[in-house]
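# Examining the three-dimensional arrangement
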Amino acid sequence: MQKEIIVIIGGPGTGKSTIIDGLVADGYCCYPEISRQVTLEAQKEGIEQLFLEKPLLFSEKLLEGRIKQFESAQEEAAEVVFIDRGIPDVVAYMDYIGDEYPKHFKTACEVCKYSKIFLLPPWEEIYMSDGERYENFEQAKTIYSHLVETYKKYGYELIEVPKDTVPNRILYILDKI
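Since we're looking at a predicted model, the values are computed, not measured.

## What about the overall build of the protein?
Regarding its fold elements, the protein presents eight helices and five strands. Moving toward the C terminus, one meets the helices and strands of the protein in the order β-α-β-α-α-α-β-α-α-β-α-β-α. Here the C-alpha radius of gyration of the protein, 15 Å, is about what a compact globule of 177 residues would show, namely 16 Å. Counting every position in the protein, which comprises 177 residues, the buried fraction comes to 50%. For the protein, the proportion of contacts with a sequence separation of at least 24, taken over those separated by at least 6, is 76%. In the form shown here, the protein has an accessible surface area of approximately 8,900 Å², with 50% of it arising from carbon and sulfur atoms. When the 20 basic and 31 acidic side-chain charges of the protein are each reduced to a single mean position, those positions are 3 Å apart.

## Things to note about the layout of surface pockets
Quantified by volume, the second largest pocket comes out at close to 160 Å³. The wall of the second largest pocket is formed by Ile34, Gln37, Val38, Glu41, Lys61, Glu64, Gly65, Lys68 and Gln69. For the lining of the second largest pocket, the secondary-structure elements that each account for two or more residues are α2 (35-44) and α4 (55-75). Sort the elements by how many residues they give to the lining of the second largest pocket and α4 lands first, with five residues.

## Quick notes on the sheet that holds strand β1 (residues 4-10)
Strand order in this open sheet of five strands is β2-β3-β1-β4-β5, and the pairing throughout is parallel. Only two strands of the sheet have a single partner each, and these edge strands are β2 (29-31) and β5 (158-160). Neighbour-to-neighbour, the strand axes of this sheet turn through a mean angle of 25°, independent of strand direction. Alignment of strand β4 (residues 116-120) against β5, held across three bridges, turns out to be parallel. Opposite Phe118, over in β5, you have Ile159 as the bridge partner. Along the sheet, helix α8 (residues 166-176) contacts β1, β3 (80-84), β4 and β5; its crossing angle with β4, the most-contacted strand, is approximately 155°.

## Digging into the packing of α4 against helix α5 (residues 87-97)
It is at 8 Å that the axes of α4 and α5 come closest, and there the two elements cross at 165°. For the element pair α4 / α5, the angle class is roughly antiparallel. α4 and α5 meet at a crossing whose hand is right-handed. Contacts between α4 and α5 involve Pro55, Leu56, Ser59, Leu62, Leu63, Arg66, Ile67 and Phe70 from the former and Ile87, Asp89, Val90, Met94 and Ile97 from the latter. Considered class by class, the residues forming the contact of α4 with α5 number 10 nonpolar, one polar and two charged.

## Re the nonpolar core
Ranked by internal contacts, the top residues of the largest apolar core, which has 41 residues, are Ile83, Ile87, Tyr114, Ile117, Tyr151 and Leu158. At seven residues, the largest contribution of residues to this core is made by α5. If sequence neighbours within four positions are ignored, Leu158 has contacts with Ile9, Ile117, Leu119, Val148, Tyr151 and Lys152.

The rules behind these values
- Residues numbered from 1 in each chain as written.
- Predicted model: local features only at pLDDT ≥ 70, side-chain atom pairs only at ≥ 80, totals over all residues.
- Heavy atoms only, no water.
- Helix = DSSP H or I, 4+ residues; strand = E, 2+ residues; numbered from the N terminus.
- Rg over C-alpha atoms; globule rule 2.2 N^0.38 Å.
- Buried < 20%, exposed > 50% of the residue type's maximum accessible area, 1.4 Å probe, protein only.
- Contact = heavy atoms within 4.5 Å.
- Areas by Shrake-Rupley, 256 points an atom, 1.4 Å probe, with all protein chains shown as cover.
- Lys, Arg positive; Asp, Glu negative; His and termini not counted.
- Charge placed at Lys NZ, Arg CZ, Asp CG, Glu CD.
- 1 Å grid on protein atoms, 1.4 Å probe; cavity = no way out; pocket = protein on both sides within 12 Å on 5 of 7 lines; lining within 4 Å.
- Points joined across faces, edges and corners; volume = space filled by probe spheres on them.
- Pairing = 2+ DSSP bridges.
- Axes fitted to C-alpha atoms, helices over the stretch in contact; angles between N-to-C directions.
- Parallel < 35°, antiparallel > 145°, perpendicular 65-115°, else oblique.
- Left-handed = near helix turned anticlockwise from the far one by under 90°.
- Nonpolar A, V, L, I, M, F, W, Y, C, P; charged D, E, K, R; others polar.
- Core = buried A, V, L, I, M, F, W, Y, C linked by side-chain atoms within 4.5 Å.

Structure below.
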């Protein structure tokens, strides 16, 4: 069987990390979202919101981390690896804020190809803001649109995961693999 590197995407607050946590609990190899880690590291250096204050630097760090995740996933013994957000997310967010970015962002999207992309739609009933998630629900819906457009631009077929309980969403994803 060929290795499956599967990405779970969606706007902020759609349940990606909760699904990843559930897959980990079920014994699957999963890589977490790294943006909170990048934000916390910047806060230790005195930059409260790196994405807001220095979006290109934040995105460079995310891109670097997501490329490392992709490369590590290829080396995993597991036949299936799940990742919370992928490389094209970085481009989608930069397009969302309207900032320019270097060509190597697009090159990374073209070179590092995932097996499948599962898309979680905006879901207002479960959406919550916190210290690292500063977007409101309307902004989250706009980000979702940018994600859809960006992943399609790089040739991905998006598999939308229905709004349901976490166990049922996980079963849906596993059934589509």
